[in-house]
Amino acid sequence: MHKFDPRLKTNMDGLVNQILDRIDPKYFESKESTFLDPSMGGGQFIKEVESRLREYGHSDANISKRVFGFAENLLDIGWARATHGLVGNLTTDKYLEQDMHFTVTLGNPPFSDTGEKKQGRGRTKNLYPAFYRWAIEHSEVVAMIMPMTHNKIMTSHNSLLREANDIVPVDNTVFKGVNMDMWTVYAGTGRKKKFQFNWKDLMEEKNDVFFKGKLNVGTQNYMLGREKQKRGDATIFWKVTKQGVTVRYHPKKEIPDAWFLPSTGYCVLMPQQIQKYGWSETVIVKMDGNQVGGNGMSIAHFETKKDAKAFVEYMKTDSFIDQAHKVVGGQGCMTMGALRMIDLSN
Ligand SMILES: C[S@@+](CC[C@H](N)C(=O)[O-])C[C@H]1O[C@@H](n2cnc3c(N)ncnc32)[C@H](O)[C@@H]1O
């Protein structure tokens with residue numbers, strides 16, 4: 001029996017509209033541009049695309065000819081049509097086997113072929129790179145939600161991402177029960193609009209701990225940074241493993257000011273995934289104003305080294321570890337939302 005995907009019920013209107021806002025309005029003004037969601041599921045992207053086209057004055061007859069959605073099964077299509085009154089062309093044809101061209105391809109492709117259900121060991125086949133590759137090869141403009149990854153296996157995918165126009169972190173609290181950091185990758189829009197992230201926004205008032213989960217700071221292209229340092233480079237904290245912290249580099253002048261870590265005090269760097277027994281490694285680094293957090297780790301900032309050390313000790317306690325395991329997802333991925341749920345008062 002078809003199991004209903006709980007994500008279909010997630011209300012994503014805000015997120016979808018943020019994504020549509022970053023697409024050049026000329027595509028919505030046009031009477032001819034075509035739109036595709038290759039993994040339309042419950043049709044939340046299609047719904048907003050159709051409603052935006054209507055706002056631009058296009059008739060349903062016109063919209064029905066140029067909005068397309070591919071779904072895995074007919075039940076999703078039936079549900080989406082009935083719930084949102086969609087008028088586009090919705091089909092279960094295999095997306096990746098089609099040789100069609102679309103003006104705008106957008107959506108939230110399936111990440112892996114087992115969903116995100118599998119825990120722990122065993123690698124699942126990643127589907128989203130194939131969706132993304134097809135999209136950039138068959139459309140003028142692409143806007144796609146994908147999991148953040150810097151996994152070595154994904155090297156070839158990362159080289160495609162380097163070509164993207166823009167990479168914007170997604171507020172993952174939209175996806176209830178999905179504890180995974182994601183970004184929206186925009187390609188082909190011809191605009192290099194910089195996303196501004198302000199580290200200071202995360203500072204909690206009257207609290208010297210400020211904390212960001214797997215850092216979204218700097219999820220622009222440069223976060224897929226290079227290994228060799230050159231003059232004028234900023235240091236990107238990349239990954240924390242048992243061997244310590246790995247860094248990458250990128251020209252400082254190309255990084256927005258807001259993305260730098262504080263220039264004073266100390267940061268505790270932690271891996272993005274917490275183990276059963278706690279963090280496999282934590283590293284305390286002195287801040288010098290030239291450093292940026294990568295998204296492959298969690299970071300907490302303190303004014304003094306003593307506080308940073310006390311925090312590292314606190315994170316070894318059962319109280320911290322128990323709370324951490326209650327808030328992280330199946331993969332043990334510590335996101336900002338998860339970190340914020342941990343009681344740090346002691
Ligand atoms: C992350 S969800 C996206 C949900 C969608 N944005 C919505 O509004 O419901 C991924 C969707 O891709 C669908 N899917 C999985 N494999 C697919 C395939 N080969 N072709 C088309 N859709 C597929 C799944 O059924 C699921 O609904």
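The following refers to the structure shown. Here the structure is a predicted model, which means the values were calculated and not measured.

Burial runs high along strand β10 (residues 233–241): seven of the nine residues are buried. The sheet contact formed by β10 and strand β11 (residues 244–251) spans eight bridges and is antiparallel. Residue pairing in the sheet places Val 240 in a bridge with Val 245 of β11. Counting the residues in the hairpin turn of β10 and β11 gives two residues. Alignment of β10 against strand β14 (residues 291–293), held across three bridges, turns out to be parallel. Bridged to Ile 236 within β14 is Val 292.

What follows concerns the sheet that holds β10. Within the open sheet, the three strands sit side by side as β11-β10-β14. Their pairing is mixed. Only two strands of the sheet have a single partner each, and these edge strands are β11 and β14. On average, adjacent strands in this sheet sit at an angle of 35 degrees to one another, irrespective of strand direction.

All right, on to the site of the ligand then. Lining the immediate environment of the ligand, one finds 18 residues, of which Ser 39, Gly 41, Gly 42, Gln 44 and Glu 72 sit closest. By residue class, the composition of the shell around the ligand is seven nonpolar, seven polar and four charged.

Our next topic: the sheet that holds strand β7 (residues 166–170). With mixed pairing, seven strands are arranged side by side in an open sheet as β3-β2-β1-β4-β6-β8-β7. Of all the strands in the sheet, just β3 (89–91) and β7 have a single pairing partner and so form its edges. Each strand axis lies, on average, 15 degrees off the axis of its neighbour in the sheet, ignoring direction. In this structure, strand β1 (residues 35–37) lies alongside strand β4 (residues 102–107), joined through two bridges in parallel fashion. Each residue of the ladder has a partner; that of Leu 36, found in β4, is Thr 105. Strand contacts of helix α3 (residues 44–55): β1, β2 (67–70) and β4, with the helix running at about 175 degrees to β2, the strand carrying the most contacts. Helix α6 (residues 128–138) contacts β4, β6 (139–147) and β8 (182–187) of the sheet and is inclined by roughly 165 degrees relative to β6.

On to the environment of Ser 64. On the secondary structure map, Ser 64 appears in helix α4 (residues 60–66). A count of 14 C-beta atoms within 10 Å places Ser 64 in the partly exposed class. Put simply, Ser 64 and Leu 86 are 22 residues apart on the chain and 8.5 Å apart in space, counted from C-alpha to C-alpha. Filtering out sequence-adjacent residues up to four positions away, Ser 64 remains in contact with Val 87 and Gly 88.

Each value, and the rule that gives it
- Residues numbered from 1 in each chain as written.
- Predicted model: local features only at pLDDT ≥ 70, side-chain atom pairs only at ≥ 80, totals over all residues.
- Buried ≥ 20, exposed ≤ 12 C-beta atoms within 10 Å, placed from the backbone.
- Helix = DSSP H or I, 4+ residues; strand = E, 2+ residues; numbered from the N terminus.
- Pairing = 2+ DSSP bridges.
- Axes fitted to C-alpha atoms, helices over the stretch in contact; angles between N-to-C directions.
- Near = placed C-beta within 6 Å.
- Nonpolar A, V, L, I, M, F, W, Y, C, P; charged D, E, K, R; others polar.
- Contact = placed C-beta atoms within 7 Å.

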